[in-house]
Structures are given as structure tokens and as C-alpha cells.
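These are the residues of each chain, in order.
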2 protein chains.
Amino acid sequence: MGVSLKEIAARAGVSLSTVSNVVNGYRPVGEETRLRVQDAIDELGYAPNLSARHLRSGRTGIVALAIPELDNPYFAELAGAAIREAAGLGYTLVMEDTAGERERELMVIDNSRRQIVDGLIFSPVAVTREEVLARDPATPMVLIGEGVYDVPHDHIAIDNIAASHVAVQHLVSLDRYRIAFIGAQAGDHRQSAHLRLRGYREALAGAGLPFDAALAAPTMAFGRADGLLAMRDLLARRQPPDAVFAYNDLVAIGAMRAVAEAGMRIPDDIAVIGIDDIEEGRFSNPTLTTISPDKEHIGRLAVQALVARIEGKPVQPPYDVQPPFRLVTRESTLGGRRPVRP
Amino acid sequence: MGVSLKEIAARAGVSLSTVSNVVNGYRPVGEETRLRVQDAIDELGYAPNLSARHLRSGRTGIVALAIPELDNPYFAELAGAAIREAAGLGYTLVMEDTAGERERELMVIDNSRRQIVDGLIFSPVAVTREEVLARDPATPMVLIGEGVYDVPHDHIAIDNIAASHVAVQHLVSLDRYRIAFIGAQAGDHRQSAHLRLRGYREALAGAGLPFDAALAAPTMAFGRADGLLAMRDLLARRQPPDAVFAYNDLVAIGAMRAVAEAGMRIPDDIAVIGIDDIEEGRFSNPTLTTISPDKEHIGRLAVQALVARIEGKPVQPPYDVQPPFRLVTRESTLGGRRPVRP
DNA sequence: GTGAAAGCGCTAACAT
DNA sequence: ATGTTAGCGCTTTCAC
């Protein structure tokens, strides 16, 4: 089972607690003793037993990141940053895939289930505000991105409304005037879909464009397939859109596929913009214009906030961070020569 | 710190070990007693303390999945299956991203680092066979996919040579005769690149086609950007290829992007095939023909093999599994009308 | 500056 | 079928 403190103590001819203090530095240790102990540690290859440490301290050193889709590259990229940050702070991060299902999400936030984690970073999708409020606050939770608002938890998410404004304004600046939105109110409580829809409507109004409900296409979820289906519908209309603002890049890519299948051109016939800036959009045909949130920033911040709560650092009120984002223009809006409209 | 066995025992008026046996079922318990204990457990909301259990048993219940790129959808999809299987077997799976770097890979296989995992599923990329052999075999390791061969570990990977045969034969069946391979010998020890290259050469020979070294393009890594760069090179040749077999789907997608940038058509001018069957290829323009390995199968099998080793089930020799794969044809090889060659 | 000892919650060997 | 008990390796008082 590996080398124990006891063996080091015997080897160095000191007591258990002295070795512990050399390892953890809670109390000062005489220089000479420290050297002897350190030698023993090096020779025997000691590594602390985390189970024992955690049994004592009541913590496990594990934090969970619960996301709706592991295979959405946005979350994969985010998770990478979070894992690194957690490791740097001495925590192991495990990922949980909720598939965006209410049942699974409830299991995740119900920490009584298995007390193996010290804290949770959660990207809610299906769960309601009330369900989040009802949660036993024994272990800290940080919310990211989509979902539930106005709850007593740290929350890290881009300003969805502002991001939508930028996206739509970009389309407007290209003289598009039948701008569709794909990803309106999927299921119930997906608040960020509502926010993006709201930003879309506001931006239209700001540009003096009418809101056409037929152009706000709902989807079941936010994957490529959803974008594909929604776009097919849109294209089947008497008056198809001349631009599409998609809930995210995956939806946008599905939509672009539908446009290609229909034999139309992007951006000449239809311009497309998404949100997320996943790598896929930098290599798609055409490449995808998008709103790029700072994923690295979000991942790190979420872990930092969570660890601060776990370690009881600041007993400050929940804080709400809106990480920066920027518009990245590519071919799907700027690529073609737009024919002059009559 | 949560409810403990002791509290349950007191509440139910039985001993510690009886409660333990109700929970774990190691020994039979009287029906009446069991009921009383179960009631106490339900009322007090008992959940076993894993740290304590693991301290006792010497195991942590955590297995690691170390992969070269978290944001390669192939691994994300594989990881999903592995996480589910691990959970079903009572293990928590944590992911480690090695970024395909030798340093990080060595850290991962050096279990002395932190004894937090009971076992490791590892997709080696940069590490050598010798380094794997030198590893302290204290904790079990299962190898998947790419990398190192002929080592005393369970190994799960598709038959790279056979898969390459199928891919190239498909291209040959389309009357292509200048078939390139992108992803030849990247860096040193990437054996599966060698195997796929070898399969490519064998298949060419089998079809009576010459091997042209200029058409076997090396890459630094196996991402979209690598495919893009390699394909640009290929297109700049006096005699560009009329078909491309890419090391994986990501490389294929990068290659397709290069073709699009050059204003050529797929598959009319150049047919493209990859390996992995990631979802991205089902929505790309054009959609990507690919060799589809059974990722679900691989993920589950890897976890099963690892857990069997951990729990010391069969002390059988390392076994080598080659999961099934199949050809999935899409537009990148079958889409266009191929002009009749003179 | 250092040591002794008490447990954290659990499992398993040993009793009954 | 059930109870008793000795630790697993560590942190943390409390002593000196």
C-alpha cells in the first residue's frame, strides 16, 4: 500500500508528527531534523495517502464539473481549462455528463447521493430555479453558463443579451433584413435561450427591423441535428431568411449543412453566425462567424470561485461574473460577394 | 461530516458490523434486523464514507482515462462510454489530458506521483515502448488505440492495417489512382500512424497501384490544422492527388478545408476518407466518408478489462482486443458525379 | 522544537 | 446470525 508516515518516522528516528510537519509545514521544524526526514522521504519514496488525509480532514479533494454534453466541443474546451486550474490548486476534477436531463441534473446537485465531492461546478439546463434553491447547501456549488438565475450561488456566464446584440448587429451591418434565430425556447427552463432570443429581438428593434415570429425557430436541444432540422423548416418557408443567428456554433453548423443540402450559398444567400467559437467552426466550409467567449477564463474562474468557497476563504456574497467575449468574423458572414439587392 | 455507521448502529440497536453487512452484503443478516437497520439508514440518510472505506481497503475507487486530446471529439465520445461503464461498476472515472506530450504521459504512467487512482486507461502517443515497460506495475494499466505495442498490458485497438485496407480499397473502387495518405510518421513512436501507413501501402500494392512517397504526407500531430497544412502542400504539387486517406477524421476535415480554399471540388476532384466517425463528419460540407470504430464498445471494454485487473479477477495473460469497425460512405467519396477520366 | 495519543469511518478477523 | 475489536494513515490537540 505504499510508504507511510510511520516508516519515514522510523527511518529518520523522529516522531510521526514531526514527519507530518515536514510534509505539511504546519509547525516549524528544526533544520537538522528536517534534512534527516527529507532524506528518508526521498529514499523511501513517500507520498501521502489521500484517503487517510481526507478521512481526517473530512474532505476528498475532488470537485465535479457537471455539463450537459461532454461531446460538445465547447464544454470539452472549457473542461480542459478547469481541469488544469483544479490540478494547480490541489484538486482533482471529475466530469459528470447530465445529458441535459432533469433526472440526472437533480442527482448531480443532490450531494447526499455520494459525498465524494467537495464541490460542484454545474451547467444547468433542465432543472428549475426552485429545485436549485431547494438544494442542501452542504457542499458549495458554482453555476456556469446556461440556465438558472437569481439563486444564491456564484455564477459565471457571458452577458447573453449583449452577445446577441453584437451578433445581430453584425448581420444588420451586412444589410440583412430577414434575420432568423434558431434555438428559441427549447423545452422549458432554458433561460439562456430566452436571453439570447431577447437580445435578438432587442437588436432587431434597435435596427428598425420587424420581429417575425416565424423566423424565431425553436429546437429540442442545441446540437448539430437540431440546427439542421430547424433550418430545413426555415428554408421551406415562402420567404426564407437571408441570415441566421444560431443559439450556438453546433446549431449554426447544422444550419449551414441544411443550406448546403438545399443548394444555396453562404453567405451570399444566407449569412450565418453562432456563439461559442469552437474549433470546428474555424475549419468548416464555409468557416463560421461567431461570438467567442473566453473559455479559458470561464473554466479557471469557476474553479477558483469554487475552491474559495470550499476552503471558506471569503464569506462574501455570491458573485456574478460576466467574462469577456468578442466577435470573430469569418466566411459565413463575410465570405462571398453579396449580390446587390434590387 | 455526514451520518456514520455508528449512528445507524445506535439508532437500530445493533452492532457496527451488522450495519456494515446490511450495506455491503458480505454476510447474511436476519430479515427482521435488516429491516430495522434499513429504516435507520433511510431516516438518517446514511451514505458510506468513501475515504474511510478506501483507507481500509487500500483502494480509492477512482480510475483514470489519460488521452492525448480532450477536445478531439473521438475521445470525448469514447470517454462518455467509459464514464458510464465505470459508474456502473462502482468506479469514478477521471480524465487526464496528456496533450500527447511525452513529459505529461510519463507523469501519468508514473503512479508513484499520486496514488489516487486504482488503475489507468491510457492512450499513449509520445511515450516509447521501453518507458512503458519500465513502469512500476503496482497499479494496472490498459492501453487503448494508438501507440505502443508488445507490452504486457491489455490492449484495445482496432486493426489499423485492416481498417486502412478497407479505406484505400474504397478509394480504389472509385477509380482513383493517385491516392495520398496524410498523417504518416508524426514524430517518432506513433506506431498506429506506421500501421495505417503500412495498410495504405499494402492496399495500394494489392490494387496494382505504385507507392509514391511524395503522396505520403507526414504531419506534426493529428488535428484539423495538421490536415490543412499537409493538404495545401499536396495541392501545390505538380501532380496533386485525386483522393486522400487521412489518419483520422480531424485530419480529413482539415484536408477538406484546404481543398475548398483551393477552389476544388470534393469528391469530383479529390475524394476524402478518414477514420473515427466523429459526429462532425456527419454535418460537414461535404459529409465525410469514414471508417467507424465501435467507440462505445472500446470504452466499455477498456473499463471492464481494467476493473477485472484491479479486482484481481482473472490472472490471465494480457489480452489484445480488436473491436469491430465498418466503412461509412458519405459525400466526400460518393457525393459528386465523377467526370469520366480520359 | 518535538513527542504521544486520540480518533476520523470503515472492514475483516475473531469471537460468541 | 450477530457482536467485539484492531487497525488502515493521517492530522491535531495536548503535553513536555
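> Sorry, what's going on with the interface of chain A and chain B here?
Interface size is commonly expressed as the accessible surface area that is lost when the partners come together. Listed by partner, the interface residues are 39 residues for chain A and 39 residues for chain B. Taken together, the elements giving at least two residues each to the side of chain A that touches chain B come down to α4 (50–57), α5 (73–88), β2 (92–97), α10 (224–236), α11 (249–261) and α12 (280–283) of chain A. Per-element tally for the side of chain A that touches chain B: the top contributor is α5(A), with six residues. Counted by class, the side of chain A that touches chain B contains 18 nonpolar, 13 polar and eight charged residues.

> In this structure, what is going on with the relation of the copies chain A and chain B? I would like to understand it.
For the pair of chain copies, the relating transformation is a rotation about an axis with a translation along it. Screw-axis analysis of chain A against chain B gives a translation of 0.1 Å along the axis, an RMSD of 0.2 Å, and a rotation angle of 180°. The transformation relating the two chain copies, once decomposed into turn and shift, fits a two-fold axis. Same-surface contact between copies: 100% of interface residues of chain A are shared with the interface of chain B.

> Please explain the nonpolar core as it appears in this structure.
Most often, soluble globular proteins have nonpolar side chains that are buried together. Formed by 178 residues in total, the largest nonpolar core has its most connected members in A:Ala255 and B:Ala255. Contacts of B:Ala255, omitting those with residues within four sequence positions, involve B:Ile182, B:Gly227, B:Leu228, B:Ala230, B:Met231, B:Val244, B:Ala246 and B:Val272.

> Is there a simple way to explain helix α8 (residues 160–173) of chain B in this structure?
Residues and elements named next belong to chain B. Here α8 is 14 residues long and its end C-alpha atoms lie 20 Å apart, about the 20 Å a rise of 1.5 Å per residue gives. Among the residues making up α8, those that are buried are Asn-160, Ala-163, Ser-164, Ala-167, Val-168, His-170 and Leu-171. Buried residues of α8 fall within an arc of 150° about the axis and therefore sit on the same side. Downstream of α8 by one or two residues, Asp-175 has phi in the positive range, about 70°.

> Explanation requested: the protein's contact with DNA strand C in the structure shown.
With respect to spatial proximity, 28 residues lie near DNA strand C, and among them A:Pro28, A:Gly30, B:Leu5, B:Asn49 and B:Ala52 are the closest. Breaking the surface near DNA strand C down by element, the ones donating at least two residues are α2 (16–24) and α4 of chain A together with α2 (16–24) and α4 (50–57) of chain B. Grouping the amino acids of the surface near DNA strand C by side-chain chemistry returns 13 nonpolar, 11 polar and four charged.

> Just checking my understanding: could you explain the sheet that holds strand β4 (residues 141–144) of chain B for this structure?
Hydrogen bonds along the backbone pair up the strands of a sheet, which may run parallel or antiparallel. All names here are of chain B. Judged by pairing direction, the sheet is parallel, and its six strands sit side by side in the order β2-β1-β3-β4-β5-β11 without closing on themselves. Sheet topology places β2 (92–97) and β11 (320–321) at the edges, where each strand pairs with a single neighbour. Its contacts with the sheet place helix α6 (residues 102–109) against β1 (62–67), β2, β3 (119–122) and β4, and it is angled at close to 150° to β3.

> What's the story with the environment of A:Leu50 in this structure? I'm lost.
Counting through the fold element by element, A:Leu50 comes out in helix α4. Accessibility expressed as a C-beta count within 10 Å gives 21 for A:Leu50, which makes it buried. A sequence separation of 10 residues divides A:Leu50 from A:Thr60, and the C-alpha atoms of the two residues are 7.8 Å apart. If we skip the residues at most four places from it in the chain, A:Leu50 touches A:Gly61 and B:Ile116.

> Can you help me understand the sheet that holds β2(A) in this one?
Residue and element names in this part refer to chain A. An order of β2-β1-β3-β4-β5-β11 is seen for the six strands of this open sheet, with the pairing classed as parallel. Every interior strand has two partners, whereas the edge strands, β2 and β11 (320–321), have only one. Here four bridges tie strand β1 (residues 62–67) to strand β3 (residues 119–122), and the two strands are oriented parallel to one another. Along β3, the bridge assignment pairs Leu-65 with Ile-121.

Rules behind the numbers
Residues numbered from 1 in each chain as written. Chains lettered and ligands numbered in written order. Predicted model: local features only at pLDDT ≥ 70, side-chain atom pairs only at ≥ 80, totals over all residues. Contact = placed C-beta atoms within 7 Å. Helix = DSSP H or I, 4+ residues; strand = E, 2+ residues; numbered from the N terminus. Nonpolar A, V, L, I, M, F, W, Y, C, P; charged D, E, K, R; others polar. Least-squares fit on C-alpha atoms with pLDDT ≥ 70 in both. Core = buried A, V, L, I, M, F, W, Y, C linked by C-beta atoms within 7 Å. Buried ≥ 20, exposed ≤ 12 C-beta atoms within 10 Å, placed from the backbone. Expected span 1.5 Å × (residues − 1). Arc of directions from axis to C-beta. Near = placed C-beta within 6 Å. Pairing = 2+ DSSP bridges. Axes fitted to C-alpha atoms, helices over the stretch in contact; angles between N-to-C directions.

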